[in-house]
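Structure assessment
Chain by chain, the residues run as shown.
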Amino acid sequence: MRQALLVEAHAPVEAFLKAYDAQFLPLVLKRDHHKSTEVAFGVLTDEYEKHRTAIDKAVQIAQREQTQIEKVSTETVSSSIGMLIGFAITAGALAGVVGLVLTRSVTRPFARMSDELKLIDEGRRDVRLTATTANEVGQIARAFNSTLDTIQANAEALQVEMDKNKMFESMSDNSPA
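Residues numbered from 1 in each chain as written. Predicted model: local features only at pLDDT ≥ 70, side-chain atom pairs only at ≥ 80, totals over all residues. Heavy atoms only, no water.

1. Concerning the pattern of salt bridges
Counted only if it meets this: Just to be clear on terms, a salt bridge is a Lys or Arg side-chain nitrogen sitting within 4 Å of an Asp or Glu carboxyl oxygen. The secondary structure listing takes helices from DSSP runs of H or I that are at least 4 residues long and strands from runs of E that are at least 2 residues long, numbered from the N terminus. Buried residues are those whose accessible area, probed at 1.4 Å on protein chains only, stays under 20% of the maximum for their type, while exposed residues exceed 50% and partly exposed ones sit between those limits.
Under the defined criterion, the tally for this structure stands at five salt bridges. Here K50 and E47 are joined by a salt bridge, their closest N and O atoms 3.4 Å apart. Placement of the pair is K50 and E47 together in helix α2 (residues 33-121), with a separation of three residues, close to one helical turn. Given a relative accessible area of 13%, E47 falls into the buried group. Across the pair D126 and R124 runs a salt bridge whose closest N-O atoms are separated by 3.2 Å. Accessibility expressed as a relative area gives 56% for D126, which makes it exposed.

2. Observations concerning a nonpolar patch on the surface
The following threshold applies: For patch detection, residues must exceed 30% relative accessible area and be free of salt bridges, and they are connected within 9 Å for like charges or within 5 Å for nonpolar side chains (Val, Leu, Ile, Met, Phe, Trp, Tyr). Only the protein chains shown count as covering a residue, and every accessible area follows the Shrake-Rupley method with a 1.4 Å probe.
A cluster of nonpolar side chains, Y20, L25, V28 and L29, forms an exposed patch at the surface whose accessible area comes to about 350 Å². Residue position: L25 is located in helix α1 (residues 2-29). The class for L25 is partly exposed, based on a relative accessible area of 32%.

Such coordinate-based values are descriptive only and should not be taken to indicate function.
Encoded structure:
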């Protein structure tokens, strides 16, 4: 459409230039002020007005097209920004959930170990630390359990020896001297 208007604007320019070269300029060169003024305000003005009208239409169409392009661009940018904000919120929420899961997976074994150590401190010899992982926390729990097993075995062996000593003492107290 804009191209058609530019073609439409070109024809009056050609007619203007032909009238200028063929009619106006020769009259000016002849110093015929009256007829040159008639041509200037007649044919030349008419062709100029046709040309100006066609150019104005082309400019209006170009401005409407530009306005439409700007509107579409603005909508596209707004939509893209909205999507980016949505992605950012989703990524932030996902990072929060992952962080929470990771934090719990690290702190839960320590909390359980702390509870089990309190029971051991209260004198419960049957309690052992839960070692469900192969990482450092699990290794510490297994080493601690091994130490507890050794202490319990030594305590039982000591109890057996103490019981033997009591038995020998009681036998020696009962024997005639």
